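Topology and contacts: notes
Residue strings, one per chain:
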Amino acid sequence: MKLTYKLIAGTAIALFLNNTGAKAQGCVAIRGTGGLCTMADHPDSLGSEGAWLFNSNSRYYRSYKHFVGREEQKQRIELGTNVINHTYAQDLTLTRVFNNRWSVSLDVPVISNSRSSLYEHGGKERRTTHSFGVGDITIKAFAWLLDPHKSTKANIQVGLGLKLPTGSYTYTDYFYNTGANGARTLGPVDQSIQLGDGGTGITADVNAFYNFSHNFGLYGTFYYLMSPREENGVSSARGSAPSAKAVANGSDIMSVPDQLSARIGANYMAGKWNFSAGARYECLTAKDLVGGSNGFRRPGFIISAEPGITYRLHKFSVYTFVPVALVRNRTQSVPDKITTQLTGIYTQGDAAFADYAVNIGFSFKL
């Protein structure tokens, strides 16, 4: 039974990483608010009523390859006109385990972003904008559908939460060569490096596992963030006047988009080591389930291969997960479709993506 609990615990770490990829490795601004499997972060946490669990996850990626649809715009790198984003996020998650079924978690991300480009600075020289601070905080409640003590072979956990607009969505920095005589302009940074989206969202999670033996099992997760707010009122023109085209297609104001992610994979336990391999899908949708879908956004999705490794002690574990992008697709946005209708010419914007992301973290029972 103890070995089974350990495999469940290893699965829980893999499920937790649905919380950290958050941001879909680039300008497709998927933020770190995904699913969190909480009940079995440690071999002895099942049935540990009143336990506290803490997880710290560090995530880093560099996006620099531009895509329109699935086609990479290789000339952007060759010409030096590509946008380069560096994103570092530190997710701090505290979970209260009430009993062997119910738990509540609080996730606080601390984010540091930088974005260098030519086009945002008059096209004359590459300059960099930055953002730093607390992102959008998420509070979630989780429940196992089956008794974990009895259902060690398979179980499903469901979660419902609230994403709060605590991260700044009006963060500003200076853009150079944009004013008169090459002066700089103070304005909101790009949507991809804003700390938050300005909306209160509802999150839904489904986490599941199936164990074939004490050593080998499967895991799966699904996460959706529903954002009823359509736009957050922040200009996308970086402190300058929006273009006539942006006003016409509605992309002059930043949108508050929905997002989703899904993961499936396998775990193998060998002593204190847990090895996992899976596939990861992350998407920022072009249209929202509730509310309008106008405003500036870069919709798209990434499909990644996701290897991971975890080393576990009794109350402490350390892990590394590295999703590697296999498919990157910048899909057509609502403003793109409006421009297509207005001009009669098919329009589809681009977005920059990363090749991979690095997640390193630790978890322990208090």
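Definitions and limits used
Residues numbered from 1 in each chain as written. Predicted model: local features only at pLDDT ≥ 70, side-chain atom pairs only at ≥ 80, totals over all residues. Heavy atoms only, no water. Helix = DSSP H or I, 4+ residues; strand = E, 2+ residues; numbered from the N terminus. Buried < 20%, exposed > 50% of the residue type's maximum accessible area, 1.4 Å probe, protein only. Areas by Shrake-Rupley, 256 points an atom, 1.4 Å probe, with all protein chains shown as cover. 1 Å grid on protein atoms, 1.4 Å probe; cavity = no way out; pocket = protein on both sides within 12 Å on 5 of 7 lines; lining within 4 Å. Points joined across faces, edges and corners; volume = space filled by probe spheres on them. Nonpolar A, V, L, I, M, F, W, Y, C, P; charged D, E, K, R; others polar. Phe/Tyr/Trp six-rings, centres within 6.5 Å; stacked < 30°, edge-to-face > 60°. Lys NZ or Arg CZ within 6 Å of the ring centre and 35° of its normal. Polar contact = N/O pair within 3.5 Å; in protein donor to acceptor, adjacent residues only side chain to side chain. Pairing = 2+ DSSP bridges. Contact = heavy atoms within 4.5 Å. Salt bridge = Lys/Arg side-chain N within 4 Å of Asp/Glu carboxyl O. pLDDT = per-residue confidence, 0-100.

With that settled, the discussion passes to the overall build of the protein chain. When you go through the protein chain residue by residue, the secondary structure sums to 4 helices and 19 strands. A total of 366 residues make up the protein chain; the buried ones form 57% of that total. Surface accessibility of the protein chain: about 14100 Å² in total, with carbon and sulfur atoms responsible for 63%.

Within this model, the largest pocket holds a volume of roughly 740 Å³. Surrounding the largest pocket, 41 residues form its lining, Tyr119, Arg238, Ser251, Phe296 and Arg298 being those nearest its centre. Its residues assigned to classes, the lining of the largest pocket shows 14 nonpolar, 15 polar and 12 charged.

In this section: the environment of asparagine 207. Within the element layout of this structure, asparagine 207 appears in strand 10 (residues 201-211). Note: C-alpha distance between asparagine 207 and asparagine 155 (52 residues apart in sequence) is 8.5 Å.

The way to describe two aromatic rings as a pair is by their centre distance and the angle between their planes. Applying the stated criterion across every chain yields a total of 12 aromatic pairs. For the pair tryptophan 144 and phenylalanine 209, a centre-to-centre distance of 5.7 Å together with 80 degrees between the ring planes defines the contact as edge-to-face. Note that tryptophan 144 is positioned in strand 6 (residues 138-144) and phenylalanine 209 in strand 10, a separation of 65 residues in sequence. When sorted by exposure, tryptophan 144 lands in the same class as phenylalanine 209, which is buried. Judged by centre distance (6.1 Å) and plane angle (5 degrees), the rings of phenylalanine 362 and phenylalanine 364 are stacked. Stacked on the ring of tyrosine 176, the Lys or Arg arginine 127 has its end atom at 4.0 Å from the ring centre. A cation over an aromatic ring shows up here: arginine 184 above the ring of tyrosine 174, its NZ or CZ 3.6 Å from the ring centre.

Among the secondary structure elements, serine 243 is positioned in the loop between strand 12 (231-235) and helix 3 (244-249). In this structure the side chain of serine 243 is engaged in a polar contact, spanning 3.1 Å, whose partner is the backbone nitrogen of alanine 246.

Moving on: the pairing of strand 7 (residues 154-163). The two faces of strand 7 differ: Asn155, Gln157, Gly159, Gly161 and Lys163 on one face are buried, but Ala154, Ile156, Val158, Leu160 and Leu162 on the other face are not. Alignment of strand 6 against strand 7, held across 7 bridges, turns out to be antiparallel. If you follow threonine 138 over to strand 7, its bridge partner there is lysine 163. Looking at chain direction, strand 7 and strand 10 are connected through 10 bridges and run antiparallel. By the bridge assignment, glycine 159 is partnered in strand 10 with aspartate 205.

Here asparagine 181, not a glycine, exhibits a phi torsion of approximately 55 degrees, which is positive. With respect to the secondary-structure elements, asparagine 181 resides in the loop between strand 8 (172-175) and strand 9 (185-188). Although it is not a glycine, arginine 238 adopts a positive phi angle of roughly 60 degrees. Position of arginine 238 relative to the elements: it lies in the loop between strand 12 and helix 3.

All buried positions along helix 4 (residues 334-343) are accounted for by Val334, Pro335, Asp336, Thr339 and Thr340. Those residues of helix 4 hidden inside the fold are in contact with helix 3 and strand 18 (324-330). Looking one or two residues past helix 4, glycine 344 carries a phi angle of roughly 75 degrees, positive in sign.

You can see tyrosine 224 is positioned in strand 11 (residues 216-226). In this structure tyrosine 224 comes out as buried when scored by relative accessible area, which is 12%. C-alpha of tyrosine 224 to C-alpha of serine 261: the two residues are 37 residues apart in sequence and 6.7 Å apart in space. Residues within four places of tyrosine 224 in sequence aside, it is in contact with Ile202, Thr203, Ala204, Asp258, Gln259, Leu260, Thr285 and Leu289. A polar atom in the side chain of tyrosine 224 sits 2.8 Å from the side chain of aspartate 258.

What follows concerns the pattern of salt bridges. Going through the model one piece at a time under the given rule, you end up with 16 salt bridges. The partner of aspartate 355 in a salt bridge is arginine 328, with the nearest N and O atoms 2.9 Å apart. Of the two residues, aspartate 355 sits in strand 19 (residues 351-365) while arginine 328 sits in strand 18, which places them 27 residues apart along the sequence. Where salt bridges share partners, they join Arg115, Glu120, Asp190 and Arg298 into one cluster.

Per-residue confidence for the protein chain averages 89 on the pLDDT scale, and 87% of its residues sit at or above 70. Of the regions scoring below 50 in pLDDT, residues 18-23 engages in 40 contacts with residues more than four places distant in sequence or in other chains. With pLDDT under 50 throughout, residues 29-47 is counted as low confidence; its partners more than four residues away or in other chains account for 114 contacts.

Before going further, it helps to spend a moment on the side chain of serine 192. Topologically, serine 192 is positioned in the loop between strand 9 and strand 10. Of the polar contacts made by the side chain of serine 192, one reaches the side chain of asparagine 85; its length is 2.9 Å. Within the structure, the side chain of serine 192 is placed 3.2 Å from the side chain of arginine 115, a separation counted as a polar contact.

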